[in-house]
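An overview of the molecular structure
The primary structure of each chain is shown beneath.
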Amino acid sequence: MEADLQHALEASSETDLRAVAAVIVDYRGRIRLHQDPDLDIAVQEGIDLAARLKQEAQDQ
């Protein structure tokens, strides 16, 4: 993102920041994920669940 944002800033004028806004819109979902304090917990729960289901399938 940093490289894309830097390129957009360099290509933009002081009064036209549409390119910068476009980069932010493109990355906003990923930014939200990284800002969610519960993301790591949710990912670990998913990994644990997948491992448990895999083990249960192997035991059958």
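Reference entry: report on the structure contained in this document. As the structure is a computational prediction, the values presented were derived from the model and not from experiment.

This part takes up the overall build of the chain. Summing up its helical and strand segments, the chain has 3 helices and 0 strands in all. Reading the secondary structure of the chain in the N-to-C direction produces α-α-α. For the chain, the C-alpha atoms occupy an extent of roughly 65 × 20 × 15 Å along the three principal directions. A burial count over the chain gives 8% of its 60 residues as buried. Working note: accessible area of the chain is about 5300 Å², and carbon and sulfur atoms make up 54% of it.

Looking at where Gln35 falls in the secondary structure, it is placed in helix 2 (residues 18-35). Under the relative-accessibility criterion, Gln35 is labelled exposed at 60%.

Looking now at the environment of Asp59. Here Asp59 shows up in helix 3 (residues 39-59). A polar contact of 3.0 Å, which involves the side chain of Asp59, links it to the side chain of Gln55.

This brings us to the pattern of salt bridges. Per the counting criterion, the structure on display carries 2 salt bridges. Asp16 is the partner of Arg18 in a salt bridge, and the nearest nitrogen-oxygen pair spans 2.9 Å. In this structure, Arg52 and Glu56 form a salt bridge, with 3.9 Å as the shortest nitrogen-oxygen distance. Note that Arg52 and Glu56 are positioned in helix 3 at a spacing of 4 residues, about one turn of the helix. For Arg52, a relative accessible area of 48% translates into the label partly exposed.

Moving on to a negative patch on the surface. On the surface, Asp36, Asp38, Asp40, Glu45 and Asp48 cluster together to form a negatively charged patch. Topologically, Asp48 is positioned in helix 3. For Asp48, a relative accessible area of 41% corresponds to the partly exposed category.

Rules used throughout
- Residues numbered from 1 in each chain as written.
- Predicted model: local features only at pLDDT ≥ 70, side-chain atom pairs only at ≥ 80, totals over all residues.
- Heavy atoms only, no water.
- Helix = DSSP H or I, 4+ residues; strand = E, 2+ residues; numbered from the N terminus.
- Buried < 20%, exposed > 50% of the residue type's maximum accessible area, 1.4 Å probe, protein only.
- Areas by Shrake-Rupley, 256 points an atom, 1.4 Å probe, with all protein chains shown as cover.
- Polar contact = N/O pair within 3.5 Å; in protein donor to acceptor, adjacent residues only side chain to side chain.
- Salt bridge = Lys/Arg side-chain N within 4 Å of Asp/Glu carboxyl O.
- Patch = residues over 30% accessible without salt bridge, like charges linked within 9 Å, V, L, I, M, F, W, Y side chains within 5 Å.
- Lys, Arg positive; Asp, Glu negative; His and termini not counted.
- Charge placed at Lys NZ, Arg CZ, Asp CG, Glu CD.

Nothing here speaks to function; it is geometry throughout.
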